[in-house]
Amino acid sequence: ILFFWTTNYFSTAAEFKPLLHTWSLAVEEQYYLLFPLFLILGWRWGKRWLITALAVIAVFSLVAAQWGSFKYPVFAFFLLPTRAWEILIGALAAFYLFANNKNDRTVLGIPIGELASVIGFLLIVYAVCMFDKKTPSPSLYILVPTVGVVLIILFTTSQTLIGKFLGSKLLVGVGLI
């Protein structure tokens, strides 16, 4: 909230605020405090209701992010209501993984996991190469890398091309650093 009131994240002056990047940790902390409470309160109505409620909240958050990125960009950038959808997509992916085990279905002879993980990786590479500080964030544009990450989480295994790449000694070593 402090950064929302006092900072333009992309201004030159922001470069001299070494703790500016902690805003994302603050958003995560709010989520980690509220999400378990929501699960505890919502579990009594069943898993289907809970997943539906999370999906509806995610959609409303995404709509608010899209609207806010043009009307109130600083609010949309820094605060949880317009960032919740990004985290909730991950929560919904976790529910999916818990309920479904990965299988080896194919599309045009290519295993779905292989195809989906490559598409996910390409979405992330596209976002890294094409998005810049002019890209409204959060907004519908941010669905590109977010969906890419979810595809990798859901479909990448140690047997897929992307799984082998991400599990290579070089990348794991860099990650450990």
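The shown structure was predicted, so the numbers you read here are calculated from the model rather than taken from an experiment. (Residues numbered from 1 in each chain as written. Predicted model: local features only at pLDDT ≥ 70, side-chain atom pairs only at ≥ 80, totals over all residues. Heavy atoms only, no water.)

Peer 1: Explanation requested: unusual backbone geometry in the structure shown.
Peer 2: Generally, phi is negative for residues other than glycine and the peptide bonds are trans, each holding for most cases. Following Ser 137, the chain continues into Pro 138 via a peptide bond in cis, with omega recorded as -5°. With respect to the helices and strands, the residue Pro 138 is situated in the loop between helix H6 (112–130) and helix H7 (143–155). (Helix = DSSP H or I, 4+ residues; strand = E, 2+ residues; numbered from the N terminus.)

Peer 1: Help me understand the nonpolar core in this model?
Peer 2: Considering soluble globular proteins, one finds that nonpolar side chains tend to be buried as a cluster. In this structure, Tyr 31, Phe 35, Trp 85, Leu 88 and Phe 155 are the most contacted members of the largest nonpolar core, which totals 23 residues. Taken together, the elements giving at least two residues each to this core come down to helix H2 (23–42), helix H3 (47–71), helix H5 (84–99), H6 and H7. Residue contributions to this core peak at 7 residues, all from H5. Ignoring any residue separated from it by four or fewer positions in sequence, one finds Trp 85 in contact with Ala 58, Ser 61, Leu 62, Ala 65, Pro 138, Ser 139, Ile 142, Leu 143 and Thr 146. (Core = buried A, V, L, I, M, F, W, Y, C linked by side-chain atoms within 4.5 Å. Buried < 20%, exposed > 50% of the residue type's maximum accessible area, 1.4 Å probe, protein only. Contact = heavy atoms within 4.5 Å.)

Peer 1: Quick question: what am I supposed to make of the packing of aromatic side chains here?
Peer 2: Centre distance and the angle of the planes are the two values used to describe a pair of aromatic rings. Across all of its chains, the model carries 9 aromatic pairs by this definition. Relative to Trp 49, the ring of Trp 45 has its centre 4.9 Å away and its plane inclined at 50°; by these criteria the two rings are tilted. Judged by its relative accessible area of 37%, Trp 49 falls in the partly exposed class. Three or more aromatic residues joined by ring pairs form one cluster here, namely Tyr 31, Tyr 32 and Phe 35. The positively charged end of Arg 44 is found above the aromatic ring belonging to Trp 45, 5.3 Å away from the centroid. Positioned above the aromatic ring of Phe 77 is the side chain of Arg 83, whose terminal nitrogen or guanidinium carbon lies 4.9 Å from the ring centre. (Phe/Tyr/Trp six-rings, centres within 6.5 Å; stacked < 30°, edge-to-face > 60°. Lys NZ or Arg CZ within 6 Å of the ring centre and 35° of its normal.)

Peer 1: Teacher, can you tell me more about a nonpolar patch on the surface here?
Peer 2: Together, Leu 33, Leu 34, Leu 37 and Ile 40 line one region of the surface with nonpolar side chains, adding up to about 440 Å² of accessible area. Here Leu 37 lies in helix H2. (Patch = residues over 30% accessible without salt bridge, like charges linked within 9 Å, V, L, I, M, F, W, Y side chains within 5 Å. Areas by Shrake-Rupley, 256 points an atom, 1.4 Å probe, with all protein chains shown as cover. Salt bridge = Lys/Arg side-chain N within 4 Å of Asp/Glu carboxyl O.)

Peer 1: So what exactly am I meant to see when it comes to the pattern of salt bridges here?
Peer 2: Pairing between side chains of opposite charge can happen when their charged atoms approach one another. Considering all chains together, one arrives at 1 salt bridge under this definition. A salt bridge links Arg 83 to Glu 86; the nearest nitrogen and oxygen atoms lie 3.0 Å apart. According to the relative accessible area criterion, Arg 83 is buried, its value standing at 9%. Judged by relative accessible area, which is 22%, Glu 86 ranks as partly exposed.

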